[in-house]
Amino acid sequence: MGLEDDFLKDDLDDEKTIEYIKNYLPQELKEKYSEDELYYFLDLIDEYYSESGILDAKPDEDGCIEVDLGQIVDYIIKEAHKDEMGEYDPEEILFVVQGELEYTESLDDDEE
């Protein structure tokens, strides 16, 4: 598989993730965030995972890795402010983070 195929696969994965998050959000938030904002949040979630070292963490005896959703939310809000994207409500961003995590877990469930 070439580099271009990898990018196309990543784009498709991101599309599916965004679609899942949009369906996961409570009704009052479904129309609040644009797709561009959701892609931005998704990029920040990926960035957090890369920079926090969580991807290198060792799973516990059940095969789980502890993820602090609050830290991810704080990271998104801090970066969005720094990037001048706007001010976001932590409780609302938590739904986005939870949606991304649920989607990732659903993929893991499909592989078992």
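Considerations on the confidence of the model for the protein chain
Note: predicted coordinates in regions of low pLDDT should not be interpreted at a detailed level.
Point 1. The predicted model of the protein chain has a mean per-residue pLDDT of 84, with 84% of residues at 70 or higher.
Point 2. At the low end of the mean pLDDT range in the protein chain sits helix α1 (residues 3-24), at 71; at the high end sits helix α4 (residues 69-82), at 95.

Section: the packing of helix α3 (residues 35-52) against α4
Point 1. Remark: α3 packs on α4, axes separated minimally by 10 Å, with the N-to-C direction vectors making an angle of 120°. When the axes of α3 and α4 are compared, the pair comes out oblique. Crossing of α3 over α4 shows right-handed handedness. Mapping the contact onto sequence places Tyr40, Phe41, Leu44, Ile45, Glu47, Tyr48, Tyr49 and Glu51 in α3 and Gln71, Ile72, Tyr75, Ile76, Glu79 and Ala80 in α4.
Point 2. Here the residues of the contact of α3 with α4 are counted per class, giving ten nonpolar, one polar and three charged.

Some details on the nonpolar core
Point 1. In this structure, Leu38, Phe41, Ile72, Ile76, Ile93 and Val97 are the most contacted members of the largest nonpolar core, which totals 25 residues.
Point 2. Broken down by secondary-structure element, the contributors of at least two residues to this core are α1, α3, α4 and α5 (90-111).
Point 3. Top contributing element to this core by residue count: α3, with eight residues.
Point 4. Filtering out sequence-adjacent residues up to four positions away, Phe41 remains in contact with Tyr33, Ile76, Tyr88, Ile93 and Val96.

Some details on a negative patch on the surface
Point 1. Side chains of Asp60, Glu61, Asp62, Glu66, Asp68 and Asp74 sit close together on the surface and give a patch of like negative charge.
Point 2. Assignment of secondary structure puts Glu61 in the loop between α3 and α4.

What about α3?
Point 1. The first and last C-alpha atoms of α3 sit 25 Å apart over 18 residues, in line with the 26 Å expected at 1.5 Å per residue.
Point 2. Three or more residues of α3 are buried, namely Glu37, Leu38, Tyr40, Phe41, Leu42, Leu44, Ile45, Tyr48 and Tyr49.
Point 3. Positive backbone phi, at 85°, marks Gly53, one or two positions downstream of α3.

Looking at the packing of aromatic side chains
Point 1. Scanning all chains against the criterion turns up seven aromatic pairs.
Point 2. Seen from their ring centres, Tyr33 and Phe41 are 5.6 Å apart, and the 80° between their planes marks the pair as edge-to-face. Residue Tyr33 shares its accessibility class with Phe41, and that shared class is buried.
Point 3. A connected cluster of aromatic rings, assembled from ring pairs, spans Tyr33, Tyr40, Phe41 and Tyr88.

Quick word on the side chain of Glu79
Point 1. Tracing the chain through its elements places Glu79 in helix α4.
Point 2. Ignoring sequence-local partners within four residues, the contact set of Glu79 consists of Tyr40, Leu44 and Glu47.

Thresholds applied
Residues numbered from 1 in each chain as written. Predicted model: local features only at pLDDT ≥ 70, side-chain atom pairs only at ≥ 80, totals over all residues. Heavy atoms only, no water. pLDDT = per-residue confidence, 0-100. Helix = DSSP H or I, 4+ residues; strand = E, 2+ residues; numbered from the N terminus. Axes fitted to C-alpha atoms, helices over the stretch in contact; angles between N-to-C directions. Parallel < 35°, antiparallel > 145°, perpendicular 65-115°, else oblique. Left-handed = near helix turned anticlockwise from the far one by under 90°. Contact = heavy atoms within 4.5 Å. Nonpolar A, V, L, I, M, F, W, Y, C, P; charged D, E, K, R; others polar. Core = buried A, V, L, I, M, F, W, Y, C linked by side-chain atoms within 4.5 Å. Buried < 20%, exposed > 50% of the residue type's maximum accessible area, 1.4 Å probe, protein only. Patch = residues over 30% accessible without salt bridge, like charges linked within 9 Å, V, L, I, M, F, W, Y side chains within 5 Å. Areas by Shrake-Rupley, 256 points an atom, 1.4 Å probe, with all protein chains shown as cover. Salt bridge = Lys/Arg side-chain N within 4 Å of Asp/Glu carboxyl O. Lys, Arg positive; Asp, Glu negative; His and termini not counted. Charge placed at Lys NZ, Arg CZ, Asp CG, Glu CD. Expected span 1.5 Å × (residues − 1). Phe/Tyr/Trp six-rings, centres within 6.5 Å; stacked < 30°, edge-to-face > 60°.

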